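Analysis of the macromolecular model
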2 protein chains.
Amino acid sequence: MKKDSTLPPPTLERLARLYVLLGKLQNLGLQAISSKRLSELLGVPDHTIRKDLSFLKEGQGIEPFAEKEKAGVGKPGSGVGRGYPLESLRLLIGARLGLTHPRTACLVGLGNLGVAILNRRIWQEGVYRLVAAFDLSENRLELLSTKIPLYHARELERVVRNYRIEIGILTVPPEAAQETADRLVHAGIRGIINFAPVVLTVKSNRVVVRNVSLAGELNILSAYLYQQEEETHG
Amino acid sequence: MKKDSTLPPPTLERLARLYVLLGKLQNLGLQAISSKRLSELLGVPDHTIRKDLSFLKEGQGIEPFAEKEKAGVGKPGSGVGRGYPLESLRLLIGARLGLTHPRTACLVGLGNLGVAILNRRIWQEGVYRLVAAFDLSENRLELLSTKIPLYHARELERVVRNYRIEIGILTVPPEAAQETADRLVHAGIRGIINFAPVVLTVKSNRVVVRNVSLAGELNILSAYLYQQEEETHG
DNA sequence: CAATAATTGTGAAAAATTTCACAGTAAGGA
DNA sequence: TCCTTACTGTGAAATTTTTCACAATTATTG
Ligand SMILES: NC(=O)c1ccc[n+]([C@@H]2O[C@H](COP(=O)([O-])OP(=O)(O)OC[C@H]3O[C@@H](n4cnc5c(N)ncnc54)[C@H](O)[C@@H]3O)[C@@H](O)[C@H]2O)c1
Ligand SMILES: NC(=O)c1ccc[n+]([C@@H]2O[C@H](COP(=O)([O-])OP(=O)(O)OC[C@H]3O[C@@H](n4cnc5c(N)ncnc54)[C@H](O)[C@@H]3O)[C@@H](O)[C@H]2O)c1
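Note that the structure is predicted; figures quoted are calculated from it, not measured. Every residue gets a number counted from 1 within its own chain, in the order that chain's sequence is written. To read the labels, note that chains go from A and ligands from 1, taken in the order they are written. Owing to the predicted nature of the model, reporting of local features is limited to residues with pLDDT of at least 70; listing and counting of side-chain atom pairs is limited to 80 or more, with chain, interface and lining totals taken over all residues. Note that water and hydrogens are dropped before the side-chain values are worked out from all heavy atoms of the structure.

Brief notes about the packing of aromatic side chains
For this analysis, a ring pair means two rings from Phe, Tyr or Trp (six-membered ring only for Trp) whose centres lie within 6.5 Å, classed as stacked if their planes differ by under 30 degrees, edge-to-face if by over 60, and tilted for the remaining angles. The full count for this structure, using the stated rule, is 2 aromatic pairs over all chains. Cation over ring: Arg90(A) sits above Tyr19(A), and NZ or CZ is 4.1 Å from the ring centre. Definition used: whenever NZ (Lys) or CZ (Arg) falls within 6 Å of the ring centre and also within 35 degrees of the ring normal, the charge is taken to sit over that ring.

What follows is the structure, encoded as structure tokens:
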């Protein structure tokens, strides 16, 4: 009963980002692209990209479809139109990562960061549906003009349950982050993207948490810079 | 001439985040903590944490200090005060990652997101010095009240060079991101944290780029949720 | 003071991931 | 038609990273 549908985490994360890139390249009018070019754009070696892409083939059909197994994802050979066809590659990745049916999301905390996220174009693209945004301040709620439905934070549980919201984006002050996360989890959220500089404790191992930490990024960046410095000066 | 100062990237990134967590625990008044507890807080297995921490010992002193090599980073045994002493552990990690001397940073783009970052408490803590923030809009610059020095974007190169700014945080609209990155690199920046939904092309392999991508995070989260769903339903 | 309990540190084994190297493929000339 | 060129796809090797298992350590309890 071994589920072979799970991708290696590094592959999953690279594909998720590749998916974003492919969308942008399509908007540029491109038709196909080589692993070499993707490698330059993504900063990932080309053979790693090809290997990642090789995971897409596995569960493509239903089962032992037998005949003409050969069809790869990309087109070998030189000249135009060779490489990976943008559209079908994007479709395949989307299917493999479950990015085909839209997910519902909500945003909690409409301060500067929250509003920045509210304004993102991504909500107009149809893949992610921002169906609610919450804040504690009535004032704030009245001032904002947006098509996204706004609610007072006291409505959180009710709205999350009602709309079966899957993903919560947390942009509240650090003091309020843990409590808000608890409420989201309690209301049945399935994933949280946490922007607050706090280490969330989420008991349920069903809930996926991703942290976006400026301090973390700064430290990682600094550490890489430091290693560079060490190499150079000795 | 093998440089053994480079940490495995996963270890480096975990230590960088652990460093942030340790600061918070210290503020809570804690003195020491076990790898087991850290494991719960960080979502990383305890043996991985111990292994990561074991890298700290290597270059601790100057060189072959010989005598009493034994001293580990943490204190074994049960009872209070056992585990890793917060303060010294944090110091050690800081030293190993080069987080001891302050780094200079600048922020480009003072829209909603930029202002959110401008307001972060991290700039008051002394480890990172936000020495300049830029925007194109004179109006915007006049309206903002902050202790951080604000400049018009045309001053970018001059200011970055003058203050030898090491890290640039990019919060401009997507259309302006590549150009701004080019200017930062040209002015001698060493690292970029890019918040714009754009794939930056940076020729110099000296410059470290970290992308913070909401779309990427959403896709990764969705893909994990999808894998969960597959497991469950079969 | 001896036994207990909780904890670190680490070499070695296992597992995961990346890299390699090259056979196979097809477009676009020559 | 036959090279040449620029690709993909992949099994196997190499490398990296994680996991394991347990000896060593020490506060605390009985
Ligand atoms: N990770 C990053 O890159 C990053 C960048 C900037 C800011 N941040 C963090 O994001 C958070 C928001 O930053 P900001 O500048 O927008 O802050 P802000 O103070 O401007 O906004 C916070 C908003 O949350 C609302 N709020 C407070 N408690 C609430 C609750 N319990 N429920 C719902 N809403 C509540 C407030 O009314 C306010 O509108 C902070 O925690 C900040 O540290 C993270
Ligand atoms: N990664 C994330 O999590 C995340 C979240 C929210 C927003 N974003 C992105 O961050 C960026 C900023 O978002 P925002 O809501 O603050 O946008 P915004 O439009 O409110 O602000 C952009 C600011 O940049 C300034 N600007 C424009 N061109 C510039 C230039 N060449 N040099 C200097 N300044 C310039 C504008 O005057 C404006 O003040 C956008 O690209 C947005 O997509 C990312």
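What to know about the confidence of the model for chain A
Predicted confidence across chain A gives a mean pLDDT of 92, with 92% of residues reaching 70 or more. For every residue, the predictor reports its confidence as pLDDT, a number between 0 and 100. The contact definition used throughout considers only heavy atoms, calling two residues in contact when any of these lie within 4.5 Å. Scored below 50 in pLDDT, residues 60–70 of chain A shows 0 contacts in the model against residues more than four places distant or in partner chains.

Considering the interface of chain B and chain A
Taken together, the contacts link 71 residues of chain B with 71 residues of chain A. Two parts placed together each lose some accessible area; with a 1.4 Å probe, that loss summed over both constitutes the buried area. Interface of chain B and chain A: buried area, both sides summed, is about 6,500 Å²; carbon and sulfur atoms make up 62% of it. Counted as salt bridges are all cases of a side-chain nitrogen of Lys or Arg within 4 Å of a carboxyl oxygen of Asp or Glu. At the junction of chain B and chain A, the tally comes to 8 salt bridges. Between Glu229(B) and Arg103(A) there is a salt bridge whose closest N-O contact spans 2.8 Å. Counted as a polar contact is a pair of N or O atoms within 3.5 Å, where, for protein atoms, one must be capable of donating a hydrogen and the other of accepting one, and residues adjacent in sequence contribute only when both atoms are in side chains. Run the count over chain B and chain A and you get 24 residue pairs in polar contact (both at pLDDT 80 or more). Ranked by residues supplied to the side of chain B that touches chain A, first place goes to helix H9 (residues 214–233) of chain B with 19 residues. Numbering goes from the N terminus for both helices and strands, where a helix is a DSSP run of H or I of at least four residues and a strand is a run of E of at least two.

Some remarks on the sheet that holds strand E7 (residues 191–194) of chain A
Within a sheet, each strand pairs with its neighbour through backbone hydrogen bonds, oriented either parallel or antiparallel. For two strands to be treated as a pair, DSSP must find no fewer than two bridges joining them. Read across the sheet, 6 strands follow the order E5-E4-E3-E6-E7-E8 (chain A) without closing on themselves; strand pairing throughout is parallel. One side of each edge strand has no neighbouring strand; the edge strands of this open sheet are strand E5 (150–152) and strand E8 (208–211) of chain A. Direction aside, the axes of adjacent strands within the sheet are offset by 20 degrees on average. The sheet contact formed by strand E3 (residues 103–108) of chain A and strand E4 (residues 128–135) of chain A spans 6 bridges and is parallel. From the neighbouring strand, Val108(A) faces E4(A), where its bridge partner is Phe134(A). Docked against the sheet, helix H8 (residues 174–186) of chain A engages E3, strand E6 (167–170) and E7 of chain A, running at close to 170 degrees with respect to E6(A). Only the stretch in contact is used when a helix axis is fitted, and all axes are lines through C-alpha atoms; the angle between N-to-C directions ranges over 0 to 180 degrees. Packed onto the sheet, H9(B) meets E3, E4, E6, E7 and E8 of chain A and runs at close to 160 degrees relative to E8(A).

A closer look at the relation of the copies chain B and chain A
The operation relating the two chain copies consists of a rotation about an axis and a shift along that axis. When the copies are overlaid, the least-squares fit takes in C-alpha atoms only where the residue has pLDDT of at least 70 in both copies. Expressed as a screw transformation, the operator carrying chain B onto chain A has a rotation angle of 180 degrees and an axial translation of 0.0 Å, and the superposed copies differ by an RMSD of 0.1 Å. The superposition operator between the copies reduces to a two-fold rotation axis. Counting the interface residues of chain B, we find that 100% of their copies in chain A are interface residues as well, pointing to one common contact surface.

What about the sheet that holds strand E3 (residues 103–108) of chain B?
With parallel pairing, 6 strands are arranged side by side in an open sheet as E5-E4-E3-E6-E7-E8 (chain B). Two strands bound the open sheet, and with one partner strand each, they are strand E5 (150–152) and strand E8 (208–211) of chain B. Strand-to-strand twist of the sheet, defined as the mean angle between neighbouring strand axes without regard to direction, takes the value 20 degrees. Inspection of the sheet shows strand E7 (residues 191–194) of chain B paired to E8(B) by 4 bridges, in the parallel sense. In the strand pairing of E8(B), Asn194(B) is matched with Asn211(B). Across the face of the sheet, helix H9 (residues 214–233) of chain A comes into contact with E3, strand E4 (128–135), strand E6 (167–170), E7 and E8 of chain B while running at roughly 160 degrees to E8(B).

Re the protein's contact with DNA strand D
Residues and elements named next belong to chain A. Proximity criterion: a residue is near a molecule or strand once any of its heavy atoms comes within 4 Å of it. With respect to spatial proximity, 30 residues lie near DNA strand D, and among them Ser35, Lys57, Val73, Gly74 and Ser78 are the closest. Of what DNA strand D places within 4 Å of the protein, 71% of the atoms are sugar or phosphate. One of the side-chain N or O atoms of Ser35 is found 2.5 Å from a phosphate oxygen in DNA strand D. Between DNA strand D and Lys57, the relevant distance is 2.2 Å, taken from a phosphate oxygen to a side-chain nitrogen or oxygen of the residue. Ten residue types, Ala, Val, Leu, Ile, Met, Phe, Trp, Tyr, Cys and Pro, are classed as nonpolar, four, Asp, Glu, Lys and Arg, as charged, and the remainder, Gly among them, as polar. Here the surface near DNA strand D is composed, by residue class, of 9 nonpolar, 13 polar and 8 charged.

Side note on empty space enclosed by the protein
Residue and element names in this part refer to chain A. Whether a set of points on the 1 Å grid over the protein atoms alone is a cavity depends on a 1.4 Å probe fitting there but being unable to get out, while an open set qualifies as a pocket with protein on both sides within 12 Å along at least five of seven lines; lining residues are those with an atom within 4 Å of a point. Grid points are joined across faces, edges and corners, and a volume is the space filled by probe spheres set on the points. Taken as a whole and judged by the stated rule, the model has 1 cavity of 30 Å³ or more. Taken as a whole, the largest cavity holds about 40 Å³ of empty space. Arg14, Leu15, Leu18, Leu42, Val44, Ile49 and Asp52 are the residues that line the largest cavity. Secondary-structure elements contributing two or more residues to the lining of the largest cavity are helix H1 (9–27) and helix H3 (46–54). The element that contributes the greatest number of residues to the lining of the largest cavity is H1, accounting for 3 residues. Residues of the lining of the largest cavity, tallied by class, amount to 5 nonpolar, no polar and 2 charged.

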